[in-house]
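Breakdown of the fold
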Amino acid sequence: MSILEVRDVDVFYGDFQALFSISFTIEEGQTFAVIGANGAGKSTMLRTIAGLSRPRSGQILFEGEPVDHISAHKRVAMGISMVPEGRRVFPSLSVNENLQVGGYGGRKGDWNLESVYELFALLKPLAKRQAGSLSGGEQQALAIGRALMSNPRLVLLDEVSLGLAPVIIKRIYEAMVELPSRGTTILVVEQDVQHVLTVSDHVACFLEGRISLEGAPAELKSDDITAAYFGM
Ligand code: ATP
């Protein structure tokens, strides 16, 4: 059984249609990348899977069960956890406290303070620091670590590398490779295509609310990706 199935999903903001009959399937242990330009509908897709936006029609199945009637916080308990764009950590709490908060209401599993500090070794010496005083890259690592603390079966990562220094992007992507072996499937949204193609098993390119190209990165030609990305 697939971990996530999106079937013919339409999402509107008022009269404006952001997603048009989107369908795709994510298998357990996959790293599935959604790429696309500004405004293509990538964040809307993630928010809909997390339960923060509602499809007007279509269906989302998590581990074979329809989740459309289930609230966002109950989806966390089921194993869907999101890292929103802009790495929103709790700035006045310490790194340790941010991680502990991430564990409330989640599932039991491999991820705990120790394993998160092992994954993101850069966070360990910062454990007592206020999260608001960290660099952007450190905050992104913390935001991902906090999501992992709920032991998600599926983690939704929005714009992982946006605005971060290349050295930290590299470290975050190196850490992401570890997640599937610990039972966490990844859906990652990126505008920066280069990094994400190196870690993903499957990529879907969004263009103006539709999937313009889909496949395994190794099977896709870079010219076709460029055309699908920019709509040429
Ligand atoms: P970005 O990388 O800029 O976040 P995106 O691919 O994630 O782009 P979305 O944020 O999902 O795109 O936006 C898709 C479309 O929906 C855009 O045209 C955007 O202007 C519109 N949109 C997004 N959020 C809202 C909202 N709250 N109200 C109205 N329109 C919205």
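Read on for a plain summary of the structure. (Residues numbered from 1 in each chain as written. Predicted model: local features only at pLDDT ≥ 70, side-chain atom pairs only at ≥ 80, totals over all residues. Heavy atoms only, no water.)

1. Examining the overall build of the protein
Looking only at helices and strands, the protein features 8 helices and 10 strands. The C-alpha radius of gyration computed for the protein amounts to 17 Å, which stays within 12% of the reference 17 Å derived for 232 residues, consistent with globular compactness. In the protein, which comprises 232 residues, the proportion classed as buried is 51%. Sequence separation of at least 24 residues holds for 68% of the intrachain contacts in the protein that already meet a minimum separation of 6. Taken as a whole, the protein presents about 10600 Å² of accessible surface, with 51% of it coming from carbon and sulfur. Here the protein contributes 21 positive and 27 negative side-chain charges, whose respective centroids are spaced 8 Å apart. (Helix = DSSP H or I, 4+ residues; strand = E, 2+ residues; numbered from the N terminus. Rg over C-alpha atoms; globule rule 2.2 N^0.38 Å. Buried < 20%, exposed > 50% of the residue type's maximum accessible area, 1.4 Å probe, protein only. Contact = heavy atoms within 4.5 Å. Areas by Shrake-Rupley, 256 points an atom, 1.4 Å probe, with all protein chains shown as cover. Lys, Arg positive; Asp, Glu negative; His and termini not counted. Charge placed at Lys NZ, Arg CZ, Asp CG, Glu CD.)

2. Looking at the sheet that holds strand E5 (residues 65-66)
Taken together, the 4 strands give an open sheet; going across it, the order is E2-E1-E4-E5, and neighbouring strands pair in antiparallel fashion. Each edge of the open sheet carries a strand with a single partner, namely strand E2 (16-26) and E5. Here 7 bridges tie strand E1 (residues 4-13) to E2, and the two strands are oriented antiparallel to one another. Residue pairing across strands places Tyr13 opposite Phe16, the latter belonging to E2. Along the sheet face, helix H1 (residues 42-50) touches E1, E2 and strand E4 (57-62) and points at about 115 degrees away from the line of E1. (Pairing = 2+ DSSP bridges. Axes fitted to C-alpha atoms, helices over the stretch in contact; angles between N-to-C directions.)

3. A look at the environment of Gly137
Residue placement: Gly137 occurs in helix H5 (residues 136-148). Distance from Gly137 to Glu63, taken between C-alpha atoms, is 32 Å for residues 74 residues apart in sequence. Aside from chain neighbours lying at most four places away, what touches Gly137 is Leu164, Ile168 and Ile172.

4. Quick look at the sheet that holds strand E7 (residues 154-158)
Strands sit in the order E6-E7-E8-E3-E9-E10 across an open sheet of 6 strands; the sheet is mixed. Each edge of the open sheet is held by one strand with a lone partner, namely strand E6 (80-83) and strand E10 (210-215). On average, adjacent strands in this sheet sit at an angle of 15 degrees to one another, irrespective of strand direction. Bridging between strand E3 (residues 31-36) and strand E9 (residues 202-207) involves 5 bridges; their strand directions are parallel. In the strand pairing of E9, Gly36 is matched with Phe206. Contacting E6 and E7, H5 runs over the sheet at an angle of about 170 degrees to E6.

5. Here we look at the pattern of salt bridges
Taken as a whole, this structure holds 5 salt bridges when the rule is applied. As a salt-bridge pair, Arg7 and Glu5 come within 2.9 Å of each other at their nearest N and O atoms. Across the pair Glu118 and Arg182 runs a salt bridge whose closest N-O atoms are separated by 3.6 Å. With a gap of 64 residues between them, Glu118 in helix H4 (residues 113-119) and Arg182 in the loop between helix H6 (166-176) and strand E8 (185-190) connect regions that are remote in the sequence. Exposure remark for Glu118: the relative accessible area of 58% places this residue in the exposed category. For Arg182, a relative accessible area of 27% gives the class partly exposed. Residues joined in a network through salt bridges with shared partners are Glu28, Glu63 and Arg153. (Salt bridge = Lys/Arg side-chain N within 4 Å of Asp/Glu carboxyl O.)

6. Points about the environment of Val95
Checked against the element boundaries, Val95 lands in helix H3 (residues 95-103). The class for Val95 is buried, based on a relative accessible area of 0%. When the C-alpha positions of Val95 and Gly137 are compared, they lie 13 Å apart, and in sequence the two are 42 residues distant. For Val95, the residues in contact, after removing those within four places along its chain, are Tyr117, Leu123, Leu126, Ala127, Arg129, Ala131, Leu134 and Leu142.

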